[in-house]
Structures are given as structure tokens and as C-alpha cells.
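# Report on the structure
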Amino acid sequence: MVRRLAVLLAAAVILSGCTEQRLFAVRAVAAGVPSLAPFFEEDGSLGTDETKLRPEQAHSGLQQGNTPGLYGGTQKPKVCDVDRLKDFLTDPRNRQKAREWARIVGITPDRIEGYIDDLTPVLLRHDTLVKNHDYKKGKAVAFDALLEAGIAVLVNDQGLPAVKCSCGNPLQSFDKDPEKISVKFEDGNKKWDGYEKSDVVTVKPAPEPLEQIALIDVDNPDQGINRPVGSSGENDEPFDATKQHAVPRVAGMTFDQASQRLSELGLAATSSDGLPPGDAAVTGSDPGPGTELPFGEAVTLSVADDGEEPGTPPKSDPSDEPTTDDPTSDDPPSEEPTTDEPTTDDPTSTGPTTDDPDTGDPDTGDPDTGDPDTGNPKSSEPTTDRPTTGEPTTIEPTTAVPTTPTTSSTPPTVEPTSAEPTSAKPTTAEPTRSEPVTSEPASSEPGSSGAPASSEPAAGPA
């Protein structure tokens, strides 16, 4: 027993260790705290953070880079000194740093200036997950980081954080499960006021390249700032962030299209199941169209499970299914050759499409109506044809198939004589009219084309 208990305890320890290993270690990076291994010495000359900005409550853990109000702005100069960063990275003395920096962002060193010119300085309004990079022993060393709200960053035209301003460290998107992180507050980065793990944000690329970024003025939250991408504040255009915006009708759009439309109106797009694929079909929104919301408010979009356009009519062939049943099931011998085709033609009887020549016979109610020519057991009975008009069935194999095909399209007079001189004549007066109904055509494909013309018989018997 002691050994068994020891084994169980050991297994429990191992399992708990495995559970712990499933969590991704994330290093907390507080606003205003210098990095221990930066690309650029953090002396305040390259950029400054807003240390008194508390994290905003996030409406979603995953947000696209075009989300209005995702980032903040300020009228204070040199939150990020873009020109100084370019000078530093293009200085021949920093060639190795420039190579590593360019490698991380996916460009060649000679493109660094142009790349930086297309970036836009903003302030984080949420605690944001990124992949950060230290510079150690001539190499860029990646680590997962949680940047505190208030940190100044440069973002690209997809709205993704690309550079940490104060130290010049290149940033990439966080590529792990944000639900499985373990944040480490160390190296002077103490847990800050307002930190809530549930409000941590991961930024995903905007569905389309941005031309401007809608910011909230961190010094005056009732005012917004439209900042053109690639500018540093000199071309900012203020707007009223308290103005209400009506939710547009988005059902039928893809998620990306709906997100883009909402963004243009100053509203954010979210979904109850995270961010769905961009081509997922939107089926509705909460709140619905016409609802007035303030700038930056989120609209929850519902999407179709299968990603197809909502409202697609179901595929069904009710008319075909019934028609194929009758002919084949009851009279394999007589109708098999022409079961399906005749039935489609048999509309001659009554048969809209419900099938058999027999369906038209219900009007005549006469066993003989179709018998003279086809000898089809079906023609005599409205629906149960096969079983009732059994007498014709005996003749059927011989009568209609060989001869009627050729003569069926001609007046019924020939048919009666050839097929059943005896039994079918009892109602000879009607055969002439019902004959078309008998739909000899049913007996053979060639004659089926003529059968439709004789559909009148259905009306005659009635």
C-alpha cells in the first residue's frame, strides 16, 4: 500500500508539473522602466511612456488593428523620435544592431529608413501581448512580453505594434494562446495598478491597410484624433469622441467587410467566439441596425457556422423523388425500360409531374382507358394502378412494347386493334379520348414525346 501511495503521489506531482509547463511564461514590461538589454540606450531621448495611464477595460481579448480607440494619442511632442531612431540604425557604428533589427522585422538593412517612415507613433491603452526582443551579444533574443498601457510604440499600416519607442526594440505579434500565459513581474517591473489578466489584449492585423488611425486623446478622452499613417502628429485632425454612431446593417457581409464598415463609423467589431475567419458570413449583430453607440463601442457580430452566405435555400427535389418511386416499384416488367422517362412525360394524364400516366387515369376511373393501347396495369388505376388493373398486365408484355411505340403517336384507332381486341373494347367509345391518356407513350420513349400532346384526355374523361 505504501508503494502504491508513493507511485500515486509521484504521478500527481508529474501531472501538476506538466500542467504548469503548458503555461507560457510572459515577462511583464512596465511603462517607464528601462530594459536591461535594449537596442538603444533608454535615456529618454528616443521616446517616453505615459506612466500615469491606467489600462482600459477591454471589450475583447483579440482585437484587429483597425479597431477605433484601440490606441491613444497625445499632443505632446516627441513621444517617439522617429528621426533619431533612423539615424541610430543607419549609423555605420551600429551596423550589427541594424542587421539584427532588420532581420526581425523582415527587411534588408538598406530598407530601414523607408520602413520606419511608414510607422505611426501611438500609446497603448490596454495591457498588450507582443513578442519583444532584447539585444544580447550581437544577437536579437526574442521573448514574450506584456506591455503595460501607456507605453509608446510605433505601429505599422495593419495596426500592429512594430517598435517599442523608448528602447528601439523591434516587436512582433504574440503567437501563442493568450489564455495560457503566466505573467512574470520581475526585474523592477512590479505589478501595476489596474492590471487584470482578463483585460489583456492581443492585436491581430487589420483586414485592409490603414490610411489613418482613430485614436483617443489620452489627455482629453472626450476628444479623438485621426492620425494619418506614417505621420507623427503634425497632421492630426481632432474629432468629437462623444458623438453617437448608428449601427449599420451588416448581415450578409463577411466578417472582414463588416469590421471595416464598423471601423469607418468609429465602432469596434467583436464576436462571442473570438475573431472568426475573415470570410465568415455575418448573420446579424448585437445591438441591431440603427442602434446609437458612442465612439469605440463594440458591436458583437454573429457568423454562420459553415462560413457560407446566410439565407442560402436548401436543396430539394420533391417533384423528382415521387416520380421515380411508382413506376419502378410496381411494374418492373412492363415499365422498367421507360419508367422514368415516361413518367416525366406522363404529365399527359394528370400528371403534372407527380408521375405516372396513371395519375391522369383517376379522372377516367376506367380500367380500359389506358388498357387498349398500353395494356399498362398502371393506366387503369389512379394511384394504385398496378394492383387493380391486373387483367391488362397479362397482355401488357406483348401488346404495347413491340408495336405501339411506332403507332402510338397516331390515332388511337390502330392501337386498340393491335393490342387488345377483346377486353379493352368494353369502353371503346372512350378509348379514343382516353387513349392519349393511356399514354402509350409511357410504354416507349419515342412515343413519349407525342404523349404530352394528348394530355387533353385528362380533361375529356373528367
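Everything below is about the structure printed above this text.
Here the residue index of a chain counts from 1 through its sequence in written order. A pLDDT threshold of at least 70 governs which residues receive local features in this predicted model, and a stricter bar of 80 or more applies before side-chain atom pairs are shown or counted, although totals over entire chains, interfaces and linings include all residues. Only hydrogens and water are set aside; all other atoms, that is, all heavy atoms of the structure, feed into the side-chain values.

### Looking at the overall build of the chain
Defined as follows: Secondary structure elements are taken from DSSP: a helix is a run of H or I of four residues or more, a strand is a run of E of two residues or more, and numbering for both begins at the N terminus. Buried, partly exposed and exposed residues are distinguished by accessible area as a fraction of the type maximum, computed with a 1.4 Å probe on protein chains only: under 20%, between the cut-offs, and over 50%, respectively. Any two residues having at least one pair of non-hydrogen atoms within 4.5 Å are treated as being in contact. The method behind every accessible area is Shrake-Rupley, applied with a 1.4 Å probe, and residues are considered shielded solely by the protein chains displayed.
A count of helices and strands for the chain gives 18 helices and 20 strands. For the chain, the residues scored as buried account for 48% of the 462 residues in total. Excluding contacts between residues fewer than 6 apart, the proportion of contacts in the chain whose partners are at least 24 apart in sequence is 68%. With the model as given, the accessible surface of the chain reaches about 22,200 Å², and the carbon-plus-sulfur share is 51%.

### Looking at the nonpolar core
For clarity, the cut-off: Buried Ala, Val, Leu, Ile, Met, Phe, Trp, Tyr and Cys residues form a nonpolar core when they are joined through side-chain atoms within 4.5 Å.
Of all hydrophobic cores here, the largest spans 29 residues; its most connected members are Trp 101, Ile 112, Tyr 115, Ile 116 and Leu 154. For this core, the secondary-structure elements that each account for two or more residues are helix 2 (82–90), helix 3 (95–105), helix 4 (112–117), strand 7 (152–155) and strand 8 (161–164). Per-element tally for this core: the top contributor is helix 3, with five residues. Apart from the residues within four sequence positions on either side, Ile 116 is in contact with Val 82, Leu 85, Lys 86, Leu 89 and Trp 101. One finds Ala 31, Leu 124, Phe 143 and Val 203 within the second-largest nonpolar core, a separate group that totals 23 residues.

### Points about the side chain of Ser 166
Which entries qualify depends on this criterion: Here a polar contact is recorded for every N or O atom pair within 3.5 Å, except that within protein the pair must consist of a potential hydrogen donor and a potential acceptor, and residues adjacent in sequence are included only if both atoms are side-chain atoms.
Here Ser 166 shows up in the loop between strand 8 and strand 9 (169–170). Side chain to side chain, Ser 166 and Glu 42 meet in a polar contact 2.8 Å long. Within the structure, Ser 166 has its side chain in polar contact with the side chain of Lys 164 (distance 2.9 Å). Not counting chain neighbours up to four residues away, the residues in contact with Ser 166 comprise Phe 40, Glu 41, Glu 42, Leu 46, Gly 47 and Asp 49.

### Some details on the pairing of strand 1 (residues 24–29)
Put simply, the rule reads: Only when DSSP finds a minimum of two bridges between them are two strands counted as paired.
Pairing of strand 1 with strand 11 (residues 181–184) involves four bridges; the strand directions are parallel. When the sheet's bridge partners are listed, Arg 27 is paired in strand 11 with Lys 184.

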